[in-house]
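# Summary of the model geometry
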Amino acid sequence: ARNTVSHGEMKPIPLMTPYTMGEFDLSHRVVLAPLTRQRAYGGVPQPHAALYYSQRASPGGFLISEATRVSPPSSRQEEPESSFGNIPGIWAPEQVGAWAPVVDAAHAKGAVFFCQLWHVAGDAVRQREQQVSPQMSFDGRRKELTSPRRVAQEEAPRVVDGFRRAARNAVDAGFDGVEILGANGYFVDGGGMDMESWCRFALDVVNAVVREIGGQRVGVRLDQFSAEPDEHALALHVVSRLNDHGVLYCHMIEPRVDGRRRVSRQLLPFREAFGGTFIASGGYGREEGDAAVGEGYADLVVYGRLFLANPDLPRRFELGAPLNDCVSATFYGAGAGADPAVGYTDYPFLE
């Protein structure tokens, strides 16, 4: 993929250049973001998910699934109107079986497909003083049932093992690997007086998953947690420790600027601290993505809303074609009684 410059020579489009990520040969650098869509009724992936992901798959493309629960929710947590409703899981055989044709559909297009693993604490955990295992806001929505709290020491082994079992289930379903979700103020805070103690829970999860399926199949998604110097240092410490576990990639989110996600170019220290593939996300357009890859700021760039509304986004970037607008009203479910395809699999392709 190339752009023409004024003197007649052809200039490569950085986003459309090939890249080798461990054992995976990618044909371009445009990655599908893990986007919560709330169409997995009863926590089970539906047949329409196979169409959704296959539409966005391309030969040598890289897809990350929507956040997928590693353990069941509590009865009170799974209300239909809850912001956690209709989220897929991967703890039960029925879910593993339902994911398999979804993964097969993406693989049939030649894509690499990772499952993003996510844990939500049950009510019994949230009601205790020394709470919680991971609480997480959804991509773009920043809405939580409760604020993130610490993992109780007695709960940590169960949560760690939940991630381990979910990683094995994901591989059994056919996924090429997993992404451990540790962003948006979620997952890393284990409590303690020093840096290593604060990170212990996060690194225990990473270690368990790596031992189960191998570091070459594991990515971790993180952010800077806040603009506070201590939390920036904590994030940097976690990223540097990922090297010790042989993690394939580190996926980091650009910090918010004035309450909005913008490309602020503040991830360079993390890029320099991590020895594997570095992936950036948050507010990128084509020009920003080209610059990030072309200047070595990131190896791959994740796209959320643009990819949601443009299933052929890599091709549109390659051709410099116009982009569809996204419909925010159907981001999280199609609405009561509506066709689940609306705002999901009905976005048009280029002719």
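Residues numbered from 1 in each chain as written. Predicted model: local features only at pLDDT ≥ 70, side-chain atom pairs only at ≥ 80, totals over all residues. Heavy atoms only, no water.

Going by the annotation in an unreviewed UniProt entry, the name recorded for the protein chain is NADH:flavin oxidoreductase/NADH oxidase N-terminal domain-containing protein, with Aegilops tauschii subsp. strangulata given as the source organism. Within the UniProt record for the protein chain, the comment given under Sequence similarities (unreviewed entry) is "Belongs to the NADH:flavin oxidoreductase/NADH oxidase family." The protein chain has a UniProt comment under Cofactor (unreviewed entry) that states "FMN". (UniProt positions renumbered as here; feature names shortened; annotations may be inferred.)

Okay, the overall build of the protein chain next. Scanning the protein chain for helices and strands turns up 10 helices and 15 strands. In the protein chain, buried positions account for 56% of the 351 residues. A separation threshold of at least 6 residues defines the contact pool for the protein chain, and within that pool the share at least 24 residues apart is 68%. When the accessible surface of the protein chain is summed, it comes to about 14500 Å², and 50% of that surface belongs to carbon and sulfur atoms. (Helix = DSSP H or I, 4+ residues; strand = E, 2+ residues; numbered from the N terminus. Buried < 20%, exposed > 50% of the residue type's maximum accessible area, 1.4 Å probe, protein only. Contact = heavy atoms within 4.5 Å. Areas by Shrake-Rupley, 256 points an atom, 1.4 Å probe, with all protein chains shown as cover.)

Within this structure, the stated rule accounts for nine salt bridges. The partner of Asp161 in a salt bridge is Arg164, and the shortest N-O contact between them spans 2.7 Å. Residue Asp161 and its partner Arg164 are both found in helix α4 (residues 156–172); the two are separated by three residues, about one turn of the helix. We note a salt bridge from Arg165 to Asp161, for which the minimum N-O separation is 2.9 Å. Here the residue Arg165 and the residue Asp161 both occupy positions in helix α4, the gap between them amounting to four residues, near one helical turn. Several salt bridges share partner residues, and in doing so they unite Asp161, Arg164, Arg165, Arg168 and Glu212 into one network. (Salt bridge = Lys/Arg side-chain N within 4 Å of Asp/Glu carboxyl O.)

Moving on, we get to empty space enclosed by the protein. A complete count under the given rule lists two cavities of 30 Å³ or more for this structure. The calculated volume of the second largest cavity comes to roughly 60 Å³. The wall of the second largest cavity is formed by Arg37, Arg39, Ala40, Pro45, Gln46, His48, Ala49, Glu66, Pro88, Trp99 and Tyr344. Considering only residue class, the lining of the second largest cavity consists of six nonpolar, two polar and three charged. (1 Å grid on protein atoms, 1.4 Å probe; cavity = no way out; pocket = protein on both sides within 12 Å on 5 of 7 lines; lining within 4 Å. Points joined across faces, edges and corners; volume = space filled by probe spheres on them. Nonpolar A, V, L, I, M, F, W, Y, C, P; charged D, E, K, R; others polar.)

Summing up the model confidence of the protein chain, the mean pLDDT is 83 and the portion of residues at 70 or higher is 78%. Between residues 76–82, whose pLDDT stays under 50, and residues either more than four places distant or in other chains, the model counts 17 contacts. (pLDDT = per-residue confidence, 0-100.)

The subject of this paragraph is the pairing of strand β8 (residues 112–118). Counting buried positions along β8 yields seven of seven residues, so the element is predominantly enclosed. Taking every second residue as pointing to the same face, both faces of β8 are buried, with Val112, Phe114, Gln116 and Trp118 on one and Phe113, Cys115 and Leu117 on the other. Across three bridges, strand β6 (residues 62–64) lies against β8 in parallel orientation. For Leu63, the partnering residue across the bridge sits in β8 and is Phe113. Examined bridge by bridge, strand β7 (residues 68–69) and β8 share two bridges and lie parallel to one another. Looking across to β8, one finds that Thr68 is bridged to Leu117. (Pairing = 2+ DSSP bridges.)

This brings us to α4. For an α-helix, the turn length of 3.6 residues means that residues three or four places apart are oriented alike. An ideal rise of 1.5 Å per residue puts 24 Å on 17 residues; α4 measures up with 24 Å between its terminal C-alpha atoms. Positive backbone phi, at 110°, marks Gly174, one or two positions downstream of α4. (Expected span 1.5 Å × (residues − 1).)

Let's shift gears to the environment of Gly110. Inspection of the secondary structure assignment puts Gly110 in the loop between α2 (93–108) and β8. A relative accessible area of 36% places Gly110 in the partly exposed class. C-alpha separation for the pair Gly110 and Gly61, spaced 49 residues apart in sequence, amounts to 7.3 Å.

Turning to the pairing of strand β11 (residues 249–253), a few remarks are in order. On any regular strand, side chains alternate: one points to one face of the sheet, the next to the other face. Most of β11 is tucked away: five of the five residues are buried. Both faces of β11 are covered, namely the face carrying Tyr249, His251 and Ile253 and the face carrying Cys250 and Met252. As defined by bridge partners, strand β10 (residues 218–222) adjoins β11 across four bridges and the pair is classed as parallel. Across the sheet, Val220 pairs through a bridge with Cys250, a residue of β11. Bridge analysis of β11 against strand β14 (residues 277–281) gives five bridges, and the strand direction is parallel. Counterpart to His251 in the pairing with β14 is Ile279.

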